[in-house]
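Remarks on the overall topology
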Amino acid sequence: MPTDIVIYHNPDCGTSRNTLAMIRNAGIEPHVVEYLKTPPSRALLIELIERAGLTPRALLREKGTPYAELGLGDESLSDEALLDAMMTHPVLINRPLVVTPLGVRLCRPSEVVLDILLEPQRAAFAKEDGEQIVDAAGQRVR
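Here the structure is a predicted model, which is why all the values come from computation and not from measurement.

**Let's talk about the sheet that holds strand β4 (residues 103-106)**
One open sheet holds the four strands; their spatial order is β2-β1-β3-β4, and the pairing between them is mixed. With partners counted over all chains shown, the strands left at the sheet margins are β2 (31-34) and β4, one partner each. The average undirected angle you get between the axes of adjacent strands in this sheet is 15°. Pairing of strand β3 (residues 97-100) with β4, which is carried by four bridges, proceeds in the antiparallel orientation. Its bridge partner being in β4, threonine 100 is matched across the sheet by glycine 103. In the packing of helix α1 (residues 14-25) onto the sheet, the strands contacted are β1 (6-9), β2 and β3, and the crossing angle to β1 comes to about 160°. Of the strands in this sheet, β1, β3 and β4 are in contact with helix α2 (residues 42-51), which crosses β3 at around 80°.

**Considering the pattern of salt bridges**
One pass over the full model with this rule turns up ten salt bridges. With a shortest N-O distance of 2.7 Å, glutamate 80 and arginine 42 are connected by a salt bridge. Pair noted here: glutamate 80 is in helix α4 (residues 79-88) and arginine 42 is in helix α2, with a separation of 38 residues, a long-range link. Residue class for arginine 42 comes out partly exposed when judged on its relative accessible area of 26%. Across the pair glutamate 131 and lysine 127 runs a salt bridge, and its minimum N-O distance is 3.6 Å. Owing to a relative accessible area of 26%, glutamate 131 belongs among the partly exposed residues under this scheme.

**Some thoughts on the nonpolar core**
By size, the foremost hydrophobic cluster in this structure holds 22 residues, and its most contacted members are Tyr8, Leu59 and Met86. In terms of residue count, the dominant contributor to this core is α4 (four residues). In contact with leucine 59, other than residues within four places in its own chain, are Leu45, Ile49, Leu54, Met86, Leu92, Ile93, Asn94, Leu97 and Leu106. Counting 17 residues, the second-largest nonpolar core is a separate cluster that includes Ile5, Met22, Ile23 and Leu117.

**A word on the side chain of arginine 95**
Mapped onto the secondary structure, arginine 95 falls in the loop between α4 and β3. Aspartate 12 provides the closest opposite charge to the buried, salt-bridge-free arginine 95, at an N-O distance of 7.5 Å. Setting aside residues no more than four positions away along its own chain, arginine 95 makes contact with Tyr8, Asn10, Cys13, Ser16, Tyr35, Arg61, Leu106 and Arg108.

**What to know about the pairing of β1**
Side chains of β1 alternate between two faces, with Val6 and Tyr8 and Ile7 and His9 buried alike. In this sheet, β2 lies alongside β1 in parallel orientation, the contact comprising four bridges. Bridge pairing links isoleucine 7 to valine 32 in β2. In this fold, β1 hands off to α1, which returns the chain to β2; that crossover is right-handed. Bridge count for β1 against β3 is three bridges, and the pairing is antiparallel. The residue bridging tyrosine 8 from the neighbouring strand is leucine 97, located in β3.

Rules of the game
Residues numbered from 1 in each chain as written. Predicted model: local features only at pLDDT ≥ 70, side-chain atom pairs only at ≥ 80, totals over all residues. Heavy atoms only, no water. Pairing = 2+ DSSP bridges. Helix = DSSP H or I, 4+ residues; strand = E, 2+ residues; numbered from the N terminus. Axes fitted to C-alpha atoms, helices over the stretch in contact; angles between N-to-C directions. Contact = heavy atoms within 4.5 Å. Salt bridge = Lys/Arg side-chain N within 4 Å of Asp/Glu carboxyl O. Buried < 20%, exposed > 50% of the residue type's maximum accessible area, 1.4 Å probe, protein only. Core = buried A, V, L, I, M, F, W, Y, C linked by side-chain atoms within 4.5 Å. Lys, Arg positive; Asp, Glu negative; His and termini not counted. Right-handed = clockwise from strand over helix to strand, strands pointing away.

The quantities given are spatial measurements derived from coordinates; they are silent on function.
Below, the structure is given as structure tokens:
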């Protein structure tokens, strides 16, 4: 029975690419959602946040986004206001979010994905920067 996995992915992000590669290293071809092209609906975003055990603020991405320009560092902003900003500017949604039968995680660092994969790693895996994450026996080294 194939495992149904969804990754909310940005191909320009190294962490997202590493996460996708680890999913594929487990022999799984996930549903890849390039969320900047196809953002989740507000209801789905709220569901993902809740299932990941996060808050909207915890999912906000600052680097390379209009976070500062929009004043999103203001702690008095409501969750609704933060969600509004993410819906208007999907780049504010941190990535990659991964959905598996074991749960939803914001995979930062990318190896967090190993905690929610049902299938083991099939081979050694090193991140793009060379950091070894999985050894030749498919065992996590970090």
